[in-house]
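Residue-level structure breakdown
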Amino acid sequence: MLHLFGALFGIVLATATAPQTQAIPLSQWVPQSGAVFLVDTKDAVGYLINTDGSYTAVPVILGQNKSVHYLGRTYLATTPEASWVVKEVDEQGDRITFGKDGTFLRLYKNGTTSTSYGIHTHAYIDTMLASDSKYYSLGCILVTKNVLDILQNMYEINGEALHVVTVFGLNGEKMSKRVAGPQTIEKTSRNNSMEVPVKG
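So, here's what we can say about the structure. From a predicted model like this one, the values you see are computed outputs, not experimental measurements. (Residues numbered from 1 in each chain as written. Predicted model: local features only at pLDDT ≥ 70, side-chain atom pairs only at ≥ 80, totals over all residues. Heavy atoms only, no water.)

Brief notes about the pattern of salt bridges
Tallying each qualifying case throughout the model produces 5 salt bridges. Residues Glu88 and Arg106 are paired through a salt bridge, measuring 3.8 Å at the closest nitrogen-oxygen approach. You can see Glu88 sitting in strand S8 (residues 82-91) and its partner Arg106 sitting in strand S9 (residues 103-109), a full 18 residues away along the chain. Taking the relative accessible area as the measure of exposure, Glu88 reaches 23% and is therefore partly exposed. Residue classification places Arg106 among the buried positions, given a relative accessible area of 5%. A single network of salt bridges, built from pairs that share partners, joins Glu88, Asp90 and Arg106. (Salt bridge = Lys/Arg side-chain N within 4 Å of Asp/Glu carboxyl O. Helix = DSSP H or I, 4+ residues; strand = E, 2+ residues; numbered from the N terminus. Buried < 20%, exposed > 50% of the residue type's maximum accessible area, 1.4 Å probe, protein only.)

Structure follows, in C-alpha cells:
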C-alpha cells in the first residue's frame, strides 16, 4: 500500500513492511535532477528528496495560525497544503524579513498560478528555530540560508523549476527507496480556507 505525494513526483512513502531509508545529514545530501521539497506543516520539517529516495530532513518555520494584516491584505497566515512549483527567484529589499540577500523563491500554486507565497530565510531565523514554536511567518516557508542555497541549486538543476509539496502530517509513514509511478495522495486535512490573495 503506497501513499502520499507519489502522484506528484514519483517519490513514495511506504508502509513499515517496505525497505526503509534513513535521513542522511544535510552536509552529505547532494541534490540530483528531479529532487523535490516536501514540507510537513504539522511537524515543521522539510524533506529534500532525490528520485532515488535519498533524503535529508531540515527544520522549517511556517505560517502563524491566525489572521494577519500585511501589505494591505488581511488573511489567515497558516501555510496552506498544496502542490507548488518555484518558477522564479526574486530579490526582496527587506533584509530583515527576507534575510541578508533578500532571496525569495516564489511559489506557483499547482505550477500555474503565481502567489504571494514563497521560500526564504529571515534575519532572525536561528532565534525562531531555537524557540518552542515553529509558526512565525506570514504564510511563507522559512529556512536557514544554507538550506535556501540548496533549494536554489535544486531549482537550477531542475531547469529553473522546483517542485514543492506542503502537507499537514505524513500519517506516520516512512521514506522509501522506491520510485514509482502515479500513486494516490493521502494526507491529514485541516482548515482549507487558508489562501493568501493571489498576487496580481
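Thoughts on the packing of aromatic side chains
Applying the stated rule across the entire model yields 3 aromatic pairs. In this structure, Lys87 is placed above the aromatic ring of Tyr108, and the distance from its NZ or CZ to the ring centre is 5.1 Å. (Phe/Tyr/Trp six-rings, centres within 6.5 Å; stacked < 30°, edge-to-face > 60°. Lys NZ or Arg CZ within 6 Å of the ring centre and 35° of its normal.)

With respect to the pairing of S9
With respect to burial, S9 is a largely interior element, 6 of its 7 residues being buried. Where S8 meets S9, 7 bridges bridge the pair, whose relative direction is antiparallel. Bridge pairing in S9 links Asp90 to Phe104. Between the antiparallel neighbours S9 and strand S10 (residues 113-120) lie 3 residues, among them Asn110 with a positive phi of about 55°. (Pairing = 2+ DSSP bridges.)

A short note on the sheet that holds S8
With respect to topology, 8 strands assemble into an open sheet ordered S4-S3-S2-S13-S8-S9-S10-S12, the strand pairing being mixed. Strands at the two margins of the open sheet, each flanked by one partner only, are strand S4 (55-59) and strand S12 (141-142). Sheet analysis places S10 next to S12, joined by 2 bridges and oriented parallel. Among the inter-strand pairings, His120 is bridged to a residue of S12, identified as Leu142.

As for the environment of Ala23
By the secondary structure assignment, Ala23 is in the loop between strand S1 (11-14) and strand S2 (36-40). Judged by its relative accessible area of 38%, Ala23 falls in the partly exposed class. In this structure the C-alpha to C-alpha distance between Ala23 and Tyr47, which are 24 residues apart in sequence, comes to 8.9 Å. Apart from the residues lying within four places of it in its own chain, the contact partners of Ala23 are Tyr55, Thr56 and Ala57. (Contact = heavy atoms within 4.5 Å.)

Overview of the environment of Phe104
On the secondary structure map, Phe104 appears in strand S9. It is 5.1 Å that separates the C-alpha atoms of Phe104 and His120, two residues lying 16 residues apart in sequence. For Phe104, the residues in contact, after removing those within four places along its chain, are Glu88, Val89, Asp90, Gln92, Phe98, Ser116, Tyr117, Gly118, Ile119, His120 and Cys140.

So, the side chain of Thr166
Mapped onto the elements, Thr166 comes out in strand S13 (residues 162-167). On the basis of relative accessibility, which here comes to 1%, the residue Thr166 falls in the buried class. At a separation of 2.6 Å, a polar atom in the side chain of Thr166 contacts the main-chain carbonyl oxygen of Pro80. Of note is the side chain of Thr166, whose polar atom sits 3.0 Å from the side chain of Trp84. Apart from the residues within four sequence positions on either side, Thr166 is in contact with Val39, Thr41, Thr79, Pro80, Glu81, Ala82, Trp84 and Ile141. (Polar contact = N/O pair within 3.5 Å; in protein donor to acceptor, adjacent residues only side chain to side chain.)

Overview of the nonpolar core
With 26 residues, the main nonpolar core has Phe37, Val60, Ile119, Ile141, Val143, Leu151 and Val164 as its most contacted residues. Secondary structure elements with two or more residues in this core: S2, S8, S9, S10, helix H3 (145-157) and S13. Among the elements that take part in this core, H3 stands out by supplying 6 residues, more than any other. If near-sequence neighbours (up to four positions away) are discounted, Val143 is found in contact with Phe37, Val60, Ile119, His120, Thr121, Ile125, Leu148 and Leu151. Membership of the second largest hydrophobic core comes to 9 residues, among which are Val36, Ile49, Tyr55 and Leu170. (Core = buried A, V, L, I, M, F, W, Y, C linked by side-chain atoms within 4.5 Å.)

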